[in-house]
Amino acid sequence: MNAGATTERVHDAVRRMILTRGLRPGARLDPAVLADGLATSATPVREALNQLCGAGLVDARPGGGFHVPMIDAPALADLYRWNEEVIGVILRSAARTLAVGAREQEHADDIANATAALAERLARASGNEEHLRAMRDINARLHAVRLVEGNLIADTDQELARLAAAAERGDVAALRIGWRRYHQRRQRLAPEIVRALLRD
């Protein structure tokens, strides 16, 4: 296996561990330990960790190595606001080509992946690759959070179904209102969501 393929394999494995909460916020990411577990050398692990830093999934601390970023309530509220702003830009660009279908049904039992799928489908409808890249990065950073939101928000499946239906109709106004409510609700719950994320 060539070095690039090894780095990509390591990148995908570490990314998956972070997204599925196998590596928790604040966890130290020792390249030698990860290399051992992934049957590779430390060099591709360091390369993969540096790539994950660029996506905001890993922090590199000067003299302190790599860590899964810690998150607090203000930072999570900011991330929700940023997500809402990016979706607003996407909706302005995608208004004419918005009917994106309701394929989020593929992830009906997995709200985190279904939410990401809908947001990425909207970004794709905008026709702008930068929108899609930004949305993928945001979705990755919010994935672990979305895994615990359901413990605090009872009707996430209905909420997502309303958003998907508005997208299917091409109803930009309903999407704007729906995403605003989605994000405001979570901003208010940010302290509880962070506590659940760190506790579970």
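As shown above, the structure is provided for reference.
The shown structure was predicted, so the numbers you read here are calculated from the model rather than taken from an experiment.

**Quick word on helix α8 (residues 172-188)**
Argument step 1. In this model, α8 (17 residues) spans 24 Å end to end at C-alpha, consistent with the 24 Å of a helix rising 1.5 Å per residue.
Argument step 2. Along α8, the residues classified as buried are V172, L175, G178, W179, Y182, H183, R186 and Q187. Around the axis of α8, the buried residues are gathered within 165° of arc, so they sit on the same side. Counted as exposed and oriented over 90 degrees from the buried face of α8: R181 and R188.
Argument step 3. Close packing links the buried residues of α8 with α4 (73-94), α5 (111-125), α6 (129-149), α7 (156-169) and α9 (190-199).
Argument step 4. N-capping of α8 is provided by D171, with a side-chain oxygen placed 3.3 Å from the backbone N of A173.

**What about unusual backbone geometry?**
Argument step 1. Phi is positive for R21, which is not a glycine, with a value near 70°.
Argument step 2. As for its position among the elements, R21 is in the loop between α1 (3-19) and β1 (28-29).
Argument step 3. Unlike most non-glycine residues, A39 shows phi in positive territory, near 55°.
Argument step 4. Within the secondary structure, A39 sits in the loop between α2 (31-37) and α3 (42-54).

Conventions and cut-offs
Residues numbered from 1 in each chain as written. Predicted model: local features only at pLDDT ≥ 70, side-chain atom pairs only at ≥ 80, totals over all residues. Heavy atoms only, no water. Helix = DSSP H or I, 4+ residues; strand = E, 2+ residues; numbered from the N terminus. Expected span 1.5 Å × (residues − 1). Buried < 20%, exposed > 50% of the residue type's maximum accessible area, 1.4 Å probe, protein only. Arc of directions from axis to C-beta. Contact = heavy atoms within 4.5 Å. Polar contact = N/O pair within 3.5 Å; in protein donor to acceptor, adjacent residues only side chain to side chain.

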